[in-house]
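Residues per chain, in single letters:
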Amino acid sequence: MKRSIKQNVRYIEKNWQLYVVFLLPALALTILFKYIPMGGVLIAFEDFNVIDGVFGSPWVGVEYFKRFLSSPDFLKYLMNTLKLSVYGLLWGFPVPIILALLLNRIRRTGIKKKIQLLIYAPNFISVIVLCGMVRMFLSPIGPVNQVLGTDINWMTMPEAFRTIYIASGIWQGAGWASIMYTAALSNASKDLEEAALVDGANILQQIWYVELPAIKNIIVIQFILQAGNIMSIGFEKAYALQTDMNLPASEILSTYVYRIGLLNGDYGYSTAVGLFNSVVNVILLLLVNGVVKRLNEGEGI
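1. A short note on the packing of aromatic side chains
Here is step 1: All told, the structure shown has 18 aromatic pairs when counted by the stated rule.
Here is step 2: Look at Phe-68 and Phe-74: their rings are 5.0 Å apart centre to centre, the planes differ by 85°, and that puts the pair in the edge-to-face class.
Here is step 3: The exposure class of Phe-68 is buried, given its relative accessible area of 2%.
Here is step 4: On the accessibility criterion, Phe-74 (15% relative accessible area) is buried.
Here is step 5: An angle of 70° between the planes, with centres 5.0 Å apart, marks the rings of Tyr-239 and Tyr-258 as edge-to-face. One end of the pair, Tyr-239, is in helix α12 (residues 235–240); the other, Tyr-258, is in helix α14 (residues 253–263), with 19 residues separating them in the sequence.
Here is step 6: Residue class for Tyr-258 comes out partly exposed when judged on its relative accessible area of 23%.

2. Observations concerning the environment of Ile-221
Here is step 1: By secondary structure assignment, the location of Ile-221 is in helix α11 (residues 203–228).
Here is step 2: Linking Ile-221 and Gln-7, residues 214 residues apart in sequence, is a C-alpha distance of 33 Å.

3. Notes on the pattern of salt bridges
Pairing is possible between side chains of opposite charge, provided their charged atoms come close.
Here is step 1: Enumeration over the complete set of coordinates arrives at four salt bridges.
Here is step 2: Across the pair Glu-211 and Arg-105 runs a salt bridge whose closest N-O atoms are separated by 2.5 Å. In this pair, Glu-211 sits in helix α11 while Arg-105 sits in helix α5 (residues 94–105), placing the two residues 106 residues apart along the sequence.
Here is step 3: Residue class for Glu-211 comes out buried when judged on its relative accessible area of 1%.
Here is step 4: Arg-105 gets classed as partly exposed once you look at its relative accessible area, which sits at 24%.
Here is step 5: Between Glu-251 and Arg-259 there is a salt bridge, with its nearest N and O atoms 2.6 Å apart.
Here is step 6: Here Glu-251 falls in the buried class, since its relative accessible area comes to 2%.

4. Side note on the packing of helix α4 (residues 74–92) against helix α9 (residues 158–185)
Here is step 1: Interaxial distance between α4 and α9 falls to 10 Å at its minimum, and their mutual angle equals 40°. With respect to each other, α4 and α9 are oriented oblique. Along this stretch, α4 crosses α9, giving a crossing that reads as right-handed. Counting all contacts with α4, which are made through Asn-80, Lys-83, Leu-84, Tyr-87, Gly-88, Trp-91 and Gly-92, the residues of α9 involved are Phe-161, Arg-162, Tyr-165, Ile-166 and Ile-170.

Each value, and the rule that gives it
Residues numbered from 1 in each chain as written. Predicted model: local features only at pLDDT ≥ 70, side-chain atom pairs only at ≥ 80, totals over all residues. Heavy atoms only, no water. Phe/Tyr/Trp six-rings, centres within 6.5 Å; stacked < 30°, edge-to-face > 60°. Buried < 20%, exposed > 50% of the residue type's maximum accessible area, 1.4 Å probe, protein only. Helix = DSSP H or I, 4+ residues; strand = E, 2+ residues; numbered from the N terminus. Salt bridge = Lys/Arg side-chain N within 4 Å of Asp/Glu carboxyl O. Axes fitted to C-alpha atoms, helices over the stretch in contact; angles between N-to-C directions. Parallel < 35°, antiparallel > 145°, perpendicular 65-115°, else oblique. Left-handed = near helix turned anticlockwise from the far one by under 90°. Contact = heavy atoms within 4.5 Å.

This is a description of form; function is not addressed.
The structure is reproduced here in structure tokens:
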């Protein structure tokens, strides 16, 4: 017989030491690797010196933020980051949903599993290997140029960088991202599907009135999370696809932080840029969540 909520609460109160023992390692690791490193943001307000350390370096206030915001490159790097993220969201977000809806129409289990294996597999390719494949395919003697009958070096073209970045990202991640939607579609009301068929609903009407409502909440949550991470575009892929020729389009805030901080050793300035990036992300997350709550009958995250 199932225990009531009150019984569960009493059991937890009685055996709270056991739960503390189980939670303590996870809490310790979270504090050690997530919260304590947050103290490093102080470097953004200091003329940081490795010898003096975080607490011994002289304080400069918001000098680095003023320097970054007044920099002639600020707007260029910000726009490059926003364009990659926003275009990636607009083009990439619907693809997993479409894949899940298409997979849901396949009734033969064997064929469905084979197709799922094919679309999930790219997710297990590392970012660096993926970038190597992209460079090989788009080289002047690569398969793409052989099919087109050209000898263009696509990786040196700034105007092609965003398309290459976004398209390769969709190919790699869309299949894996569709898993959540596919799982949610399995919970769609079978009675409602049968009723729609009896009423003569076509495929598009079945998708719109039966299947999409079943995954609406997941779509909303995923959109909020992805929109809130617009400024957190991955460093590894952008840096691996970056060349001296496509730099006007490929230099984003994360690669700029790497170049200024690690290569040039300007730790305070690079930390200020990274902190600016994180603050903008938090603001975007709150704004998007607020807008979605208004449009989705008060439901957000």
